[in-house]
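What follows is each chain in one-letter form.
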Amino acid sequence: MQTHNQAAPGALEVVRRFINTWSIPNQTRVEVDELPLFVSDADKWSEELSRYPRADSDTLDTLMALRTDLRKSCEGLDDDHQLLNAWLTRAALSVKVVPAEGGAPELCVIPADTSYVARILASVADAISSGTWLRLKTCADCRWAFYDNTRNGSKRWCGMTKGGVEGRACGTIAKVSAFRARAAAKKNQITDGS
Ligand SMILES: [Zn+2]
């Protein structure tokens, strides 16, 4: 299991783990989908996604569809948040006011049932309301979901390092291209005499 030290805060980490059940490991660069195995094997499910048990309604098809749409949202491909809104409507979430630190009231999203899908969506809704959802991103290179802990939220790559003989660090190609472009621009400036 790859962690890369990019864990999201609180329950959002469960969502990140769920999104990363589909991944393209750096060592092989071949996509891997762990969900079918987790759904067919209760022990694996509790080992890998144990925070919320799987209900009968959490079918493989539903889980895959949710994962695809959450990934699209993280990748900025959910126009007008239509996909997320459809899931939130379906999940029929409710909200409750709870005391936060210092006694200030805080909204807490309550799932309608104990299904994995409903709990994941409640965590997503909480993350949107607290402003952390935007920081759950997918690597521009390998598409691994990571939490951007940088101060200005500008991180684009997961930070995976070269894994094997054929592996390469994410962002390497883009960083080398940017370096070459800067070097070429500098050279042109010198040639132009500017
Ligand atoms: Zn990556």
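No experiment lies behind these values; they were computed from the predicted model shown.

1. Considering the overall build of the protein
Looking only at helices and strands, the protein has seven helices and six strands in total. Helices (α) and strands (β) of the protein occur, in sequence order from the N terminus, as α-β-β-α-α-α-α-β-β-α-β-β-α. The 194 residues of the protein split such that 35% are buried. Sequence-distant contacts in the protein: of pairs separated by 6 or more residues, those separated by 24 or more amount to 52%. With the model as given, the accessible surface of the protein reaches about 11,400 Å², and the carbon-plus-sulfur share is 54%.

2. A few points about the coordination of the zinc ion
Protein coordination at the zinc ion comes from Cys-139 (SG), Cys-142 (SG), Cys-158 (SG) and Cys-170 (SG), with a distance range of 2.2 to 2.4 Å. Each of the four donor atoms around the zinc ion contributes to a set of angles spanning 103 to 115°, which defines the coordination as tetrahedral. Donor residues binding the zinc ion come from one chain and are separated in sequence as C-x2-C-x15-C-x11-C. A residue pair is termed long-range when its members are at least 10 positions apart, and Cys-139 in the loop between β5 (136-138) and β6 (145-147) and Cys-158 in the loop between β6 and α7 (172-192) qualify at 19 residues. Accessibility expressed as a relative area gives 2% for Cys-139, which makes it buried.

3. A short note on the packing of helix α1 (residues 12-19) against helix α4 (residues 60-74)
Running from N to C, α1 and α4 cross one another at 105°; their axes reach a closest spacing of 9 Å. Here α1 is positioned roughly perpendicular relative to α4, judged by the angle of their axes. From α1, Val-15, Phe-18 and Ile-19 reach across to α4, where they touch Leu-63, Leu-66, Arg-67, Leu-70, Arg-71 and Cys-74. Counted by class, the contact of α1 with α4 contains seven nonpolar, no polar and two charged residues.

4. Notes on the nonpolar core
Grouped together as the largest cluster of nonpolar side chains are 29 residues, with contacts concentrated most on Val-15, Leu-70, Tyr-116, Ile-120 and Trp-133. Those elements giving two or more residues to this core turn out to be α1, α2 (35-40), α4, α5 (82-91), α6 (116-130) and β6. A per-element tally of this core places α6 first, with six residues. Not counting residues within four places of it along the chain, the set of residues in contact with Ile-120 comprises Val-14, Val-15, Phe-18, Tyr-52, Leu-66 and Leu-70.

Criteria and thresholds
Residues numbered from 1 in each chain as written. Predicted model: local features only at pLDDT ≥ 70, side-chain atom pairs only at ≥ 80, totals over all residues. Heavy atoms only, no water. Helix = DSSP H or I, 4+ residues; strand = E, 2+ residues; numbered from the N terminus. Buried < 20%, exposed > 50% of the residue type's maximum accessible area, 1.4 Å probe, protein only. Contact = heavy atoms within 4.5 Å. Areas by Shrake-Rupley, 256 points an atom, 1.4 Å probe, with all protein chains shown as cover. Donors = N, O, S within 2.8 Å, 3.2 Å for Na, K, Ca; no water. Tetrahedral: all angles 85-135°; square planar, octahedral: opposite > 155°, others 65-115°. Axes fitted to C-alpha atoms, helices over the stretch in contact; angles between N-to-C directions. Parallel < 35°, antiparallel > 145°, perpendicular 65-115°, else oblique. Nonpolar A, V, L, I, M, F, W, Y, C, P; charged D, E, K, R; others polar. Core = buried A, V, L, I, M, F, W, Y, C linked by side-chain atoms within 4.5 Å.

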